Amino acid sequence: MATAMARKPTKLIDLTPMHPDFLGVGLEEVGMTWLLDEVSAIYDELDLHRVTSSAFSGVALTSVIPKTLLFSIPIIEHIDQETYMGTTHCGKEPSCVAAAQQRAIESAIIVYALNKGKGNRFSVSASGAVGAWQFMNSPKNPTYDAVRRNCAAGIDPTYPEGAQEFRNAGKAAACLLDLNLGYLPETHHLFRRNPVLGGIYLLAAYNGGPKSAKALFRAVHQKHPDVEAQDIVLPSVLQLSKGSVKKTVRTGGRKRSSYVTLAA
């Protein structure tokens, strides 16, 4: 009788952007540069269609919504919250949490460095949001169709194909940010004065709708009623530089909080 050959234990090979081999070799800058170039191309298309803001009548949408706000969405939408907060291994150790946040952000950016426009193309969330920009289009939440109807930007009418095409969905995302701004008049003064801080509410509306953003606005202003009267410096948690240009990922609030956006 032949003796059974001992099997070697299977070795898993991690090819995800979270693998240490992908970090610290310059891929973050490659991804950042590609994303910024794509956002610039998206803005050129919006200007070509002469898209105006629904929040500020007669003003070009591209002069209302900062590029860095749009740039943040395909990154933020693909950062795992538990990984970002370090909840599985950091506890409340600040230095560990900061390192986890930086690694999570870098990993999300590296996806685009490695895949360009195909990055997160076929990503589908548990709730059914599709693509890098995570658009829903269900009967109960027809966001993609609603944006297309209300924004004359030449957005592809097909779904999910249109939501999977990076630049097309990026145009829709810019329009959605602006449409949500129109539903949040209480934020207009703050947004015009400080688009980084005001943009927090647009990001909240992007994920949870204007009602959620209004609730967040009320909660923040009840706790900090003088928030609009002060120049608030948001603490940096990640810096990536190329030459003399720095792009900084920032957390919002007068004290550290879970509000996240990206800004120059």
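What comes next concerns the included structure. (Residues numbered from 1 in each chain as written. Predicted model: local features only at pLDDT ≥ 70, side-chain atom pairs only at ≥ 80, totals over all residues. Heavy atoms only, no water.)

**A word on the state of the cysteines**
Stated formally: Put simply, a disulfide is two cysteine sulfurs that come within 2.5 Å. Buried means the residue's accessible area, taken with a 1.4 Å probe over protein chains only, is under 20% of the maximum for its type, while exposed means over 50%, and partly exposed covers the values in between.
Across all of its chains, the model carries 2 disulfides by this definition. Across the disulfide, Cys90 is cross-linked to Cys96 (sulfur-sulfur distance 2.0 Å). On the sign convention where negative is left-handed, the bridge of Cys90 and Cys96, at about -70° about the S-S bond, is left-handed. Owing to a relative accessible area of 8%, Cys90 belongs among the buried residues under this scheme. By relative accessible area, Cys96 is classed as partly exposed at 21%. Here Cys151 connects covalently by a disulfide to Cys175, the sulfurs 1.9 Å from one another.

**Describing helix 1 (residues 27-48)**
The criterion, for reference: Secondary structure elements follow DSSP: runs of H or I no shorter than four residues count as helices, runs of E no shorter than two count as strands, and numbering proceeds from the N terminus. One less than the residue count of a helix, multiplied by 1.5 Å, gives the span that helix is expected to have.
Along its 22 residues, helix 1 runs 31 Å from first to last C-alpha, staying within 8% of the 32 Å computed at 1.5 Å per residue. When helix 1 is considered as a whole, its buried residues turn out to be Leu27, Glu28, Gly31, Met32, Trp34, Leu35, Glu38, Val39, Ala41, Ile42, Tyr43 and Leu46. In the segment just after helix 1, Arg50 is the residue with positive phi, at about 55°.

**Overview of helix 11 (residues 210-223)**
For clarity, the threshold we go by: By construction, the arc corresponds to the directions joining the helix axis to the C-beta atoms.
Relative to the 20 Å expected for 14 residues at 1.5 Å per residue, helix 11 spans 20 Å between its end C-alpha atoms, a close match to the ideal helical length. Regarding helix 11, the residues found buried are Ala213, Leu216, Phe217, Val220 and His221. The arc enclosing the buried residues of helix 11, seen along the axis, measures out at 125°, which places them on a common side. Pointing more than 90 degrees away from the buried face of helix 11 are the exposed residues Lys211, Gln222 and Lys223.

**Quick word on unusual backbone geometry**
The omega angle of the peptide bond from Tyr159 to Pro160 is 15°, so this bond is cis rather than trans. Relative to the elements of secondary structure, Pro160 occurs in the loop between helix 6 (143-150) and helix 7 (161-164). A positive phi angle, close to 55°, is found at Arg50, a residue other than glycine. Positionally, Arg50 belongs in the loop between helix 1 and helix 2 (61-64). Backbone geometry places Gln134, a non-glycine residue, at a positive phi of 55°. Inspection of the secondary structure assignment puts Gln134 in the loop between helix 5 (94-115) and helix 6.

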